[in-house]
Amino acid sequence: QVQLVESGGGLVQPGGSLRLSCAASGFTLDYYGIGWFRQAPGKEREGVSCISSSDGSTYYADSVKGRFTMSRDNAKNTVYLQMNSLKPEDTAVYYCATVKMRGGIWSPSGYWGQGTQVTVSS
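Quantities reported herein were computed from a predicted structural model and do not represent experimental measurements. Numbering of residues begins from 1 in every chain and follows the order in which that chain's sequence is written. Local features are withheld for residues below a pLDDT of 70 in this predicted model, meaning they are given only at 70 or higher, and side-chain atom pairs are given and counted only at 80 or more; totals for whole chains, interfaces and linings count all residues. The side-chain values count all of the structure's non-hydrogen atoms but skip hydrogen atoms and water molecules.

**Here's the deal with the nonpolar core**
Stated precisely, the cut-off is as follows: We define the nonpolar core as a collection of buried residues of types Ala, Val, Leu, Ile, Met, Phe, Trp, Tyr and Cys that are connected through side-chain atoms lying within 4.5 Å of one another. For each residue, the accessible area found with a 1.4 Å probe, counting protein chains only, is set against the maximum for its type, and the residue is called buried under 20%, exposed over 50%, and partly exposed in between. Secondary structure follows DSSP: runs of H or I at least 4 residues long count as helices, runs of E at least 2 residues long count as strands, and numbering of each begins at the N terminus.
The biggest cluster of nonpolar side chains holds 27 residues, and the ones touching the most others in it are Ile34, Trp36, Phe68, Val79, Leu81, Met83 and Tyr94. Listing elements by their share of this core, those giving two or more residues are strand E3 (18-25), strand E4 (33-39), strand E5 (46-51), strand E7 (68-73), strand E8 (78-83), strand E9 (92-102) and strand E11 (116-120). Sorting elements by how many residues they give to this core places E3 first, with four residues.

Printed below as a string of structure tokens:
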């Protein structure tokens, strides 16, 4: 019943921008927080950012801070990740997932989208 669908990935040159969307159904954004994660071949999954269900506060990994911005549109039940100044090391499959606070850390809570490929290359 809960479903997350990512879109917006693609091929972009270094320094370019891309906006990812995560459309949620089966719940509203004031119930679960949403996190963005990414995984490149041969690498472990990495948390990128998340947004709180309570007040919309956002949090970012150091590797993307200042370049990526997360936001939400409650009316559309959709979360966005605006990615600017993209680097080749940002290349990965990006996933959105429900998250909840656990021991002071936002952690995945069991629901994942199918992923969208982001490739940064010249």
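**A closer look at the sheet that holds E7**
Sheet strands line up and pair through hydrogen bonds in the backbone, either parallel or antiparallel. For the record, the criterion: Any two strands between which DSSP finds at least two bridges are classified as paired. Working convention: axes come from line fits to C-alpha atoms, limited for helices to the stretch in contact. Angles between N-to-C directions cover 0 to 180 degrees.
Spatially, the four strands line up as an open sheet ordered E1-E3-E8-E7, and their pairing is antiparallel. Pairing within the sheet leaves two strands with one partner each, and these edge strands are strand E1 (3-7) and E7. Averaged over neighbouring strand pairs, the angle between their axes works out to 15 degrees when direction is ignored. Taken together, the six bridges between E7 and E8 define a ladder with antiparallel strand orientation. Residue pairing across strands places Arg72 opposite Val79, the latter belonging to E8.

**As for the layout of surface pockets**
Unoccupied space between atoms shows up once a probe the size of one water molecule is rolled over them. Put simply, the rule reads: For cavity detection a 1 Å grid was placed over the protein atoms alone, and a set of points counts as a cavity when a 1.4 Å probe fits there but cannot get out; an open set counts as a pocket when protein lies on both sides within 12 Å along at least five of seven lines, with lining residues being those that have an atom within 4 Å of a point. Grid points are joined across faces, edges and corners, and a volume is the space filled by probe spheres set on the points. All residues other than Ala, Val, Leu, Ile, Met, Phe, Trp, Tyr, Cys, Pro, Asp, Glu, Lys and Arg, Gly among them, are scored as polar; the first ten of these are nonpolar and the last four charged.
Taken as a whole, the largest pocket spans an internal volume of roughly 160 Å³. Lining the largest pocket are 13 residues, with Gly47, Ser49, Cys50, Tyr59 and Trp106 sitting closest to its centre. When residues of the lining of the largest pocket are traced back to their parent elements, those giving at least two are E4, E5, strand E6 (58-60) and strand E10 (105-112). It is E5 that contributes the most residues to the lining of the largest pocket, four residues altogether. For the lining of the largest pocket, a count of residues per class yields ten nonpolar, three polar and no charged.

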